[in-house]
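# Descriptive analysis of the structure
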2 protein chains.
Amino acid sequence: MISIISEKNMLPDLFQATPTNAMRHLSLEKGQHLFHQDQKTGGLFYVEEGYIELRRATQTGELLLVHNAVKGETFAEASLFSDFYHCDAVATGDSTLIEIDRKHVLEHLQNDPNFAIAMIKHLARQNQVYRSKLEIMAIKSAPERVFSALSDDMLKGDVIALAAEISLTHEAVYRSLRKLVKQGRVVQTGRGKYSIK
Amino acid sequence: MISIISEKNMLPDLFQATPTNAMRHLSLEKGQHLFHQDQKTGGLFYVEEGYIELRRATQTGELLLVHNAVKGETFAEASLFSDFYHCDAVATGDSTLIEIDRKHVLEHLQNDPNFAIAMIKHLARQNQVYRSKLEIMAIKSAPERVFSALSDDMLKGDVIALAAEISLTHEAVYRSLRKLVKQGRVVQTGRGKYSIK
DNA sequence: CGTCCGCTTGACTCAGATCAAACTTGGTGG
DNA sequence: CCACCAAGTTTGATCTGAGTCAAGCGGACG
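Residues numbered from 1 in each chain as written. Chains lettered and ligands numbered in written order. Predicted model: local features only at pLDDT ≥ 70, side-chain atom pairs only at ≥ 80, totals over all residues. Heavy atoms only, no water.

## Let's talk about the overall build of chain A
On a plain count of helices and strands, chain A comes out with six helices and ten strands. For chain A, buried positions account for 48% of its 197 residues. For chain A, the exposed surface amounts to about 10,400 Å²; the carbon and sulfur share of it is 51%. (Helix = DSSP H or I, 4+ residues; strand = E, 2+ residues; numbered from the N terminus. Buried < 20%, exposed > 50% of the residue type's maximum accessible area, 1.4 Å probe, protein only. Areas by Shrake-Rupley, 256 points an atom, 1.4 Å probe, with all protein chains shown as cover.)

Here it is, written out as structure tokens:
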């Protein structure tokens, strides 16, 4: 794989201007907890590298996966409005994060409308993406699901990564792609590379 | 089913104080368009009643379902930051909506930090819900998916409605429920009523 | 040059969709 | 008040398509 541009710090625009004293770099090894349910909230997080699973305990104590945050994502935004985390956060791989201080963010939101608006924009876009993904996940037929995912430009990396994202096996995805190509709705532009018509 | 409290206007808190001249009531019959892709943006919407499908045209002209907004939801928040809608919106059933004026919202966001913060809270919660639903949709086993949905308190109405929401047939959901009851992880509290342990 | 990993395809299995039907409940109208 | 109807709830039988297991291929990289 060719490393494209300087990966750098891809913290979303809206946090670029955050003063250093309101941010904290964190490294977690696989298995380490970032925070626990009912622990006092400290901030929201940006995933530089790795995977953080958010899990909530049900009444009966079973653990329920609430979210799996991956590289490039922010999470725990809702914790801004809560004094305690409502789920556990655990690194499922070695991870590096940036924590952005809760109090700082809340004050900044109060004092700088443009920051607030940037955050709204950020969240509204996230929302769109999630809604879109949900509709894709609601499609039962593997080929149609794959087609929709392609139309949504979700094949950026491996086919295997795509398969994981749309919750199909990679075999099912390959077969779907072959079928779509045969139908003429998709063209193969290279080994493991496909695009819509 | 007992009609609980006065249903009234359940517009989310954050829009309760919106002046009347910045809101507009709309009625759409099944099949009518609310807006078209590339049309100038007018505002965001709240669904009082009915269903609004958001559809985006792919390069090849196929229509892609982007979202299906239902009673009680707001949608097109992202259109605040865009001069043109990026998808079509069509009523798939007789619907009534409230449109909230875009310019008004943008100004209000600039002038009232608490309004902006309320909106961030609203969107952050939405986000949580979507992330949660995505994880539920990623579960392949029907019984486990149903169990997670129950744990997430998604069985508020019919079993049929739940089935639609988690993208299973109602038969599969009934069978899953039976299995979960037999396993002792779920108890049946009435006809079509179930709860966790 | 060999190993690793992603890609690709085949054979088989099984879980969930589909089709079908009985039953329960609530509401409606004669 | 009762017959009837509509909609949700259950359960059974069958079918199909995605999962699973297995194996060969091709490129990248040391």
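## Topic: the protein's contact with DNA strand C
Near DNA strand C lie 22 residues; those nearest to it are Tyr174, Gln188 and Arg191 of chain A together with Ala142 and Thr169 of chain B. Sugar and phosphate atoms represent 61% of those atoms of DNA strand C found within 4 Å of the protein. Measuring from a base nitrogen of DNA strand C, one finds a side-chain N or O atom of Arg191 of chain A at 2.2 Å. Elements represented by at least two residues in the surface near DNA strand C include exactly α5 (159–165) and α6 (170–183) of chain A together with α5 (170–183) of chain B. Counting residues per element, the surface near DNA strand C draws most heavily on α6 of chain A, which supplies five residues. (Near = heavy atom within 4 Å. Polar contact = N/O pair within 3.5 Å; in protein donor to acceptor, adjacent residues only side chain to side chain.)

## What to know about the packing of helix α1 (residues 102–111) of chain B against helix α2 (residues 113–137) of chain B
Residue and element names in this part refer to chain B. It is the contact of α1 with α2, at a shortest axis distance of 5 Å, that shows an interaxial angle of 110°. Here α1 lies roughly perpendicular to α2, going by the angle between them. Side by side, α1 and α2 meet where Val105, His108, Leu109 and Asn111 of the first sit next to Pro113, Phe115, Ala116 and Met119 of the second. The residue inventory of the contact of α1 with α2, partitioned by class, reads six nonpolar, two polar and no charged. (Axes fitted to C-alpha atoms, helices over the stretch in contact; angles between N-to-C directions. Parallel < 35°, antiparallel > 145°, perpendicular 65-115°, else oblique. Contact = heavy atoms within 4.5 Å. Nonpolar A, V, L, I, M, F, W, Y, C, P; charged D, E, K, R; others polar.)

## A word on the sheet that holds strand β2 (residues 33–35) of chain B
Residue and element names in this part refer to chain B. Strand order across the open sheet formed by four strands is β2-β7-β4-β5, with antiparallel pairing between neighbours. Two strands close off the open sheet at either side, each with one partner strand: β2 and β5 (63–70). Geometrically, the sheet is characterised by an average inter-axis angle of 30° between neighbouring strands, direction not taken into account. In this sheet, strand β7 (residues 88–91) lies alongside β2 in antiparallel orientation, the contact comprising two bridges. By the bridge assignment for β7, His33 is matched with Val90. (Pairing = 2+ DSSP bridges.)

## Here's the deal with the interface of chain A and chain B
Facing 51 residues of chain A, the contacting portion of chain B comprises 52 residues. Summed over both partners, the interface of chain A with chain B buries about 4,600 Å², with 61% contributed by carbon and sulfur atoms. One salt bridge connects Arg56 of chain A with Asp152 of chain B, and the closest N-O pair in it is separated by 3.0 Å. The dominant element in the side of chain A that touches chain B, judged by the number of residues it contributes, is helix α3 (residues 113–137) of chain A, at 20 residues. (Buried area = accessible area lost by both parts, 1.4 Å probe. Salt bridge = Lys/Arg side-chain N within 4 Å of Asp/Glu carboxyl O.)

## Focus on the sheet that holds strand β4 (residues 51–57) of chain A
Sheet strands associate in pairs through backbone hydrogen bonding, adopting either a parallel or an antiparallel arrangement. Residues and elements named next belong to chain A. Reading across the sheet, the four strands line up as β2-β7-β4-β5 and stay open at both edges, with antiparallel pairing between neighbours. Each edge of the open sheet is held by one strand with a lone partner, namely β2 (33–35) and β5 (63–70). Going across the sheet, the axis of each strand differs from the next one's by a mean of 30°, ignoring polarity. In this sheet, strand β7 (residues 88–91) lies alongside β4 in antiparallel orientation, the contact comprising four bridges. Across the sheet, residue Glu53 finds its bridge partner in β7, namely Val90.

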